[in-house]
Amino acid sequence: MFICIAVSTLCLSVIYFAHQSALTKKLAIIGLLFTLGFAWNAHYAEKRLENILAIELEGKEFTLEGRVAALPQSNSSGAKFAFEVDHAISGREALAQFPKKIYLGWQPAWRNPQDIPEIIPGQRWKLKAKLKRPYGSLNSYTFDFERWSFHQDFGASGSVRSGELLNAKDIAWTEFELRIELTRWHLRKKILTMLPADARYAGVLVALVMGDQNAINQDDWQVFNATGIGHLISISGLHVTMLAGVGASFAAFIWRRRTWPLIAPVSKVAAVSGFVTAFIYAWLAGFQIPAQRTMYMVGVVAFALWTGRNPRSFDIWWWALAFVLLIDPMAPYTPGFWLSFGAVAAILYAMGNSSGLLGIPTGKELEVHWTCRALQALREACRVQVVVTLALLPFTLFWFYQVSLVSPLANAFAIPLVSYIVTPLAITGSLLPEFIGRWLLWLAHASMEYLTIALEWMASWSWAVAWSRQPEWWMLLISGSGIVYAIHPGDISKTWKRRFIAIALSAPLFFWPTQWNANLGQGEFRANVLDIGQGTAVLIETANKKLLYDTGPIQGKKDDAGQRIILPYLRGRGIHQIDRMVISHSDSDHVGGAATLLKHIQFESMMGSLPSANPLLQNLEARKIPAIPCRFGQRWVWDGVEFVIWHPHEETVFSEQYPGKPNEMSCTLEVRNQESSLWLTGDVEKQGEAEITERLDSAMLREIGKRELILMAPHHGSKTSSSLELLKRLEPDQAFAQNGYRNRYGHPHPDVKTRYKVLEIPFYQTPETGAQTWLFKNNAKPSTQFLRHDIKRLWHR
């Protein structure tokens, strides 16, 4: 690769100097920039790939010595932090090749908050930790932990078993970045200490001051996003610009007091001070992309002032973009990149015809009455708000699948309140001594409380949010073209009809049919097997109906698969209603996400094997959703696709006194069409499998016929399931298992995997395939797509 890049660079350089044509020179420069950009990205990726833990070291326990490298995230259940490794020992062997930076979680036994050590940037620890390569569930439309780990240069992740603090602070005077992280830690601790322990919006104030959003309640995020003010609850470009302006004004005030302007003009000193202020605050805010973008733009302006240049607005924007991509080639994979640069580009483009201040000719501002200036300022502000809302519409739908219809109204009072009252009070209060700062923080918190009361009221309106799905590339292209015309500079009164038609080109973003459903005809169905971890969740789709089989696991009190995986997947697909929820049984890895989904998705009915006192049944009753027990013999047909219940027994009584294991009650569902049969088995084990085998007499087997049969391995492939009798009776053509990566239960068991292999049944596991999509068409065998593409070796392992 190096030779190809060198040859390309040499050839393009020769073309540039050998030809006199201006067009040829421009094309050569573009080609050269492209080649250098490709080379930089390749180098960036290669360095990160070198940092990944070797496969043979996965699952082992290591003795690690190093230090905390960044601001940790701590709560009552433990701490998560970046760790720079200086020495790694496996057993008694020191490892020369080992990731330099890893991501660790520390959860003390019994989850006792009192046992959680205080993790501080710069601390040096000796830890015993169990590690694995960066791994995350892989589903469309959901958070990609592996990509995030690659972006952050984490070569492994794992859990701490025990630790010994070696040095409370190990930071060299040259380590600016780590000193900033330590300052951020002290600042966060100071803010949380000065506010009452029950201050609900303490996390919001921390986010506004230093960009750490991890302490914000998930319910509050839903309100902020529903009202379209989520962009304010972070370090926005406006905040950086405001502080840069304060720094520049302060420097100008001091510099002009004496004879110092004879040394350097006040304007130049103010520009440098503004950039230095923006630089320090951007680092203090975690170097988020909006803060980076503003910092670079301020820096370009300062450089232009010192060198006597007069750059155009878009020149400043392009330079900021170049700096961001140079430092962080993976920035385009984050929504903040598109929203930040997109908003600024739209404003610069749309307001390009403004002359002077607020459209008033330069030098004439004071000749105009203040009411006219105020009216003109209001018009410009409204136009900017409309421009930004329209310009970010495709990006917002691509990343978040929703648009807040109340956003213009909410932002009308939220922007000035958060930007000019809450944020200044929070920043000032966090920097001043405690006896003054606590009062300013209290005022900032009180202002946020009153603001949220109004936002919650607006978010409760039935029409507050318009839900769509993730748009296709051609939708983005068409709507983007229309929006570019709709916001172009010029007199709106003369072109409003054409602008309105251009805006109408964005209609497909909202009204196009749900992705893929048009591919399903009568008698056809699709099974979306989600990569859910150690649990089960399968979405079945026919031409007009949808069924969700189980809702995945729950971890702790708030982290459930419904919120983390299933809901984003359904939102990204544009699915807002499901006709039937089927819960196989009451284990938490099958019912964990149900409560979350019931809050956001409309369900028409529920079927399951749940004890009569199960909280989910009470939840369904409160929402007036019909719930019926799952029993052998139940059948129904949707769009020519037949659904058959095979287990539990038709006389099963669902009560707390059920004598068997909950697993043995698992609702076993078969979905079939003319060509294929899909079996969803839950956690049924040997006893239940024996009962199913007995029911599969000659008549039942003739009913199944010679259909291509796909089997979900019962109980994630545990040793007590996938009995030889069941497999020989069903004779599945293919099988799959939903299980967690390197899960503590050892699922699927090696004996079970061997059993499938001996019977020549291809066996696919979601940790290796990612999400699986099985398509069952008429007059064709089932086809499948895997989200991970490196599975050709699966069957040969």
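Structural notes, computed from the coordinates. (Residues numbered from 1 in each chain as written. Predicted model: local features only at pLDDT ≥ 70, side-chain atom pairs only at ≥ 80, totals over all residues. Heavy atoms only, no water.)

Description of the state of the cysteines
Here is step 1: Going through the model one piece at a time under the given rule, you end up with one disulfide.
Here is step 2: A sulfur-sulfur separation of 1.9 Å characterises the disulfide bridge that pairs C630 with C667. One quick way to see it: the torsion about the S-S bond of C630 and C667 is about 60°, and its sign makes the bridge right-handed. Of the two residues, C630 sits in the loop between β19 (627-629) and β20 (635-638) while C667 sits in the loop between β21 (641-647) and β22 (668-672), which places them 37 residues apart along the sequence. Across this residue pair, the class does not change: C630 and C667 are buried. (Disulfide = S-S within 2.5 Å. Helix = DSSP H or I, 4+ residues; strand = E, 2+ residues; numbered from the N terminus. Buried < 20%, exposed > 50% of the residue type's maximum accessible area, 1.4 Å probe, protein only.)

Digging into helix α11 (residues 335-350)
Here is step 1: With 16 residues, α11 should cover 22 Å at 1.5 Å per step; its first-to-last C-alpha distance of 22 Å lies within 8% of that length.
Here is step 2: Among all positions of α11, only F337, S340, F341, G342, A343, V344, A345, A346 and A350 are buried. (Expected span 1.5 Å × (residues − 1).)

A few points about the pattern of salt bridges
Here is step 1: The full count for this structure, using the stated rule, is 23 salt bridges.
Here is step 2: The partner of K777 in a salt bridge is E524, with the nearest N and O atoms 3.3 Å apart. Note that K777 is positioned in the loop between β27 (772-776) and β28 (783-786) and E524 in the loop between α18 (508-511) and β10 (525-529), a separation of 253 residues in sequence.
Here is step 3: The partner of R635 in a salt bridge is E703, with the nearest N and O atoms 2.6 Å apart. Remark: E703 occurs in helix α24 (residues 698-704) and R635 occurs in strand β20; sequence separation between them is 68 residues.
Here is step 4: You can call E703 partly exposed: its relative accessible area is 28%.
Here is step 5: Connected through salt bridges with shared partners, the residues R635, E642, E670, R672 and E703 form a single ionic network. (Salt bridge = Lys/Arg side-chain N within 4 Å of Asp/Glu carboxyl O.)

Concerning the packing of aromatic side chains
Here is step 1: If you walk through the whole model with that rule in mind, you get 41 aromatic pairs.
Here is step 2: Measuring from ring centre to ring centre gives 4.8 Å for W457 and W461, while their planes differ by 85°; the resulting arrangement is edge-to-face.
Here is step 3: Ring pairing ties together the aromatic residues F314, W317, W318, F337, W338, F341 and F395, which thus form one cluster.
Here is step 4: Its guanidinium or amino end placed over the ring of Y44, R48 lies 3.9 Å from that ring's centre, counting from NZ or CZ. (Phe/Tyr/Trp six-rings, centres within 6.5 Å; stacked < 30°, edge-to-face > 60°. Lys NZ or Arg CZ within 6 Å of the ring centre and 35° of its normal.)

Describing a nonpolar patch on the surface
Here is step 1: Together, W40, W319, F323, L326 and I327 give the surface a local cluster of nonpolar side chains, amounting to about 510 Å² of exposed area.
Here is step 2: Counting residues per element, the nonpolar patch draws most heavily on helix α10 (residues 313-327), which supplies four residues.
Here is step 3: Structurally, I327 can be placed in helix α10. (Patch = residues over 30% accessible without salt bridge, like charges linked within 9 Å, V, L, I, M, F, W, Y side chains within 5 Å. Areas by Shrake-Rupley, 256 points an atom, 1.4 Å probe, with all protein chains shown as cover.)

Here we look at the packing of helix α5 (residues 202-210) against helix α14 (residues 407-431)
Here is step 1: Two elements in contact, α5 and α14, have axes separated by 9 Å at closest approach and are oriented at 85°. The angle between α5 and α14 places the two elements in the roughly perpendicular class. Taken together, the residues of α14 that come into contact with α5 (itself represented by L205, L208 and V209) are V418, V422, T423, A426, I427 and S430.
Here is step 2: Tallied by class, residues from the contact of α5 with α14 come to seven nonpolar, two polar and no charged. (Axes fitted to C-alpha atoms, helices over the stretch in contact; angles between N-to-C directions. Parallel < 35°, antiparallel > 145°, perpendicular 65-115°, else oblique. Contact = heavy atoms within 4.5 Å. Nonpolar A, V, L, I, M, F, W, Y, C, P; charged D, E, K, R; others polar.)

Some words on unusual backbone geometry
Most peptide bonds adopt trans geometry, and most residues besides glycine take a negative phi value.
Here is step 1: Here the bond from H647 into P648 is cis, since omega is 5°, no more than 30 degrees from zero.
Here is step 2: Its location among the elements puts P648 in the loop between β21 and β22.
Here is step 3: The peptide bond linking H747 to P748 adopts the cis configuration, its omega dihedral lying at -10°.
Here is step 4: Here the phi dihedral of H716 falls at roughly 60°; this positive angle occurs in a residue that is not glycine.

Quick word on the packing of helix α4 (residues 176-194) against α5
Packed helices, taken two at a time, are described by the angle their axes make and the gap between the axes.
Here is step 1: Two elements in contact, α4 and α5, have axes whose closest approach is 10 Å; the angle formed by their N-to-C orientations is 145°. When the axes of α4 and α5 are compared, the crossing they make is right-handed. Of the residues in α5, those in contact with R184, L187, R188, I191 and L192 of α4 are A202, V206, V209 and M210.
Here is step 2: Its residues assigned to classes, the contact of α4 with α5 comprises seven nonpolar, no polar and two charged. (Left-handed = near helix turned anticlockwise from the far one by under 90°.)

Regarding the pairing of strand β16 (residues 580-583)
Here is step 1: Every second residue of β16 is oriented toward a common face, with R580 and V582 on one face and M581 and I583 on the other, all of them buried.
Here is step 2: Summarising the sheet, strand β12 (residues 546-549) and β16 pair through three bridges and their orientation is parallel. Pairing of L548 across the sheet is with M581, part of β16.
Here is step 3: Of the pairings in the sheet, the one linking β16 to strand β18 (residues 606-608) comprises three bridges and is parallel in character. What sits directly across from M581, in β18, is M606. (Pairing = 2+ DSSP bridges.)

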